[in-house]
Amino acid sequence: MQVKCEYCGALIPDDVETCPNCGAVNTNMQRGAIGIPQTIEELQRWYDEHNLPPAETTRFFIGQDYRGAKAYGIYKDGEQFVVYKNKSDGTRTERYRGTDEDYAVNELYLKLKSEIVNQKRVQQK
């Protein structure tokens, strides 16, 4: 679907973060859902409210640029949000780097929820 850029008036895809013509933020882009954390602080609060083990146990580091092996995390780097996966050999893959905090938080949230489901499945066997 196309939407009108609020700054230059060009028609742009509704799923792009910024206008390809003028670089303005696409305020029409919505990625969040009700009840899902949208900020790093909300994700940390959700994590705490669910009484999950410490990050050193789960290997999910919220708000931290953790450099150890076998870890997932999210942190803010200047104006950008970074979602990463550290592999067992210590190398890092960035799953997302950009200015959309909601999207970045959702990336880690979905991975965390998936891991919780997997752990519950393993414990039931």
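Residues numbered from 1 in each chain as written. Predicted model: local features only at pLDDT ≥ 70, side-chain atom pairs only at ≥ 80, totals over all residues. Heavy atoms only, no water.

A.B. asks: Help me understand the packing of helix H1 (residues 40-49) against helix H3 (residues 101-124), please; the structure alone is not making it clear to me.
C.D. replies: When two helices pack together, their arrangement is given by the angle between the helix axes and by the axis-to-axis distance. Running from N to C, H1 and H3 point in directions that differ by 20°, and their axes come no closer than 9 Å. Viewed along their axes, H1 and H3 adopt a mutual orientation that is roughly parallel. Where H1 crosses over H3, the two elements pack in a sense that is right-handed. Touching Ile 40, Glu 41, Leu 43, Trp 46 and Tyr 47 of H1 are Glu 101, Val 105, Leu 108, Tyr 109, Leu 112, Lys 113 and Ile 116, all from H3. Here the contact of H1 with H3 is built from residues that sort into nine nonpolar, no polar and three charged. (Axes fitted to C-alpha atoms, helices over the stretch in contact; angles between N-to-C directions. Helix = DSSP H or I, 4+ residues; strand = E, 2+ residues; numbered from the N terminus. Parallel < 35°, antiparallel > 145°, perpendicular 65-115°, else oblique. Left-handed = near helix turned anticlockwise from the far one by under 90°. Contact = heavy atoms within 4.5 Å. Nonpolar A, V, L, I, M, F, W, Y, C, P; charged D, E, K, R; others polar.)

A.B. asks: Explanation requested: unusual backbone geometry in the structure shown.
C.D. replies: Despite not being glycine, Asn 51 shows a phi value in the positive range, around 50°. Locating Asn 51 in the fold gives a position in the loop between H1 and helix H2 (55-58). Residue class for Asn 51 comes out exposed when judged on its relative accessible area of 67%. Located in the positive-phi region is Arg 59, a residue other than glycine, with phi close to 70°. Mapped onto the secondary structure, Arg 59 falls in the loop between H2 and strand S3 (60-62). (Buried < 20%, exposed > 50% of the residue type's maximum accessible area, 1.4 Å probe, protein only.)

A.B. asks: Help me understand the environment of Arg 67 in this model?
C.D. replies: Within the secondary structure, Arg 67 sits in the loop between S3 and strand S4 (71-77). By relative accessible area, which is 57% here, Arg 67 ends up exposed. Distance from Arg 67 to Lys 87, taken between C-alpha atoms, is 9.9 Å for residues 20 residues apart in sequence. Apart from the residues within four sequence positions on either side, Arg 67 is in contact with Asn 86 and Arg 92. A distance of 3.2 Å separates a polar atom in the side chain of Arg 67 from a polar atom in the side chain of Asp 65. (Polar contact = N/O pair within 3.5 Å; in protein donor to acceptor, adjacent residues only side chain to side chain.)

A.B. asks: Explanation requested: the layout of surface pockets in the structure shown.
C.D. replies: Over the atoms rolls a probe the size of a water molecule, and its path tells where empty space is left. Size it by volume and the largest pocket reaches roughly 330 Å³. Those elements that place two or more of their residues in the lining of the largest pocket are H2 and H3. The biggest single contributor to the lining of the largest pocket is H3, with six residues. Across the lining of the largest pocket, the residue classes break down as six nonpolar, four polar and three charged. (1 Å grid on protein atoms, 1.4 Å probe; cavity = no way out; pocket = protein on both sides within 12 Å on 5 of 7 lines; lining within 4 Å. Points joined across faces, edges and corners; volume = space filled by probe spheres on them.)

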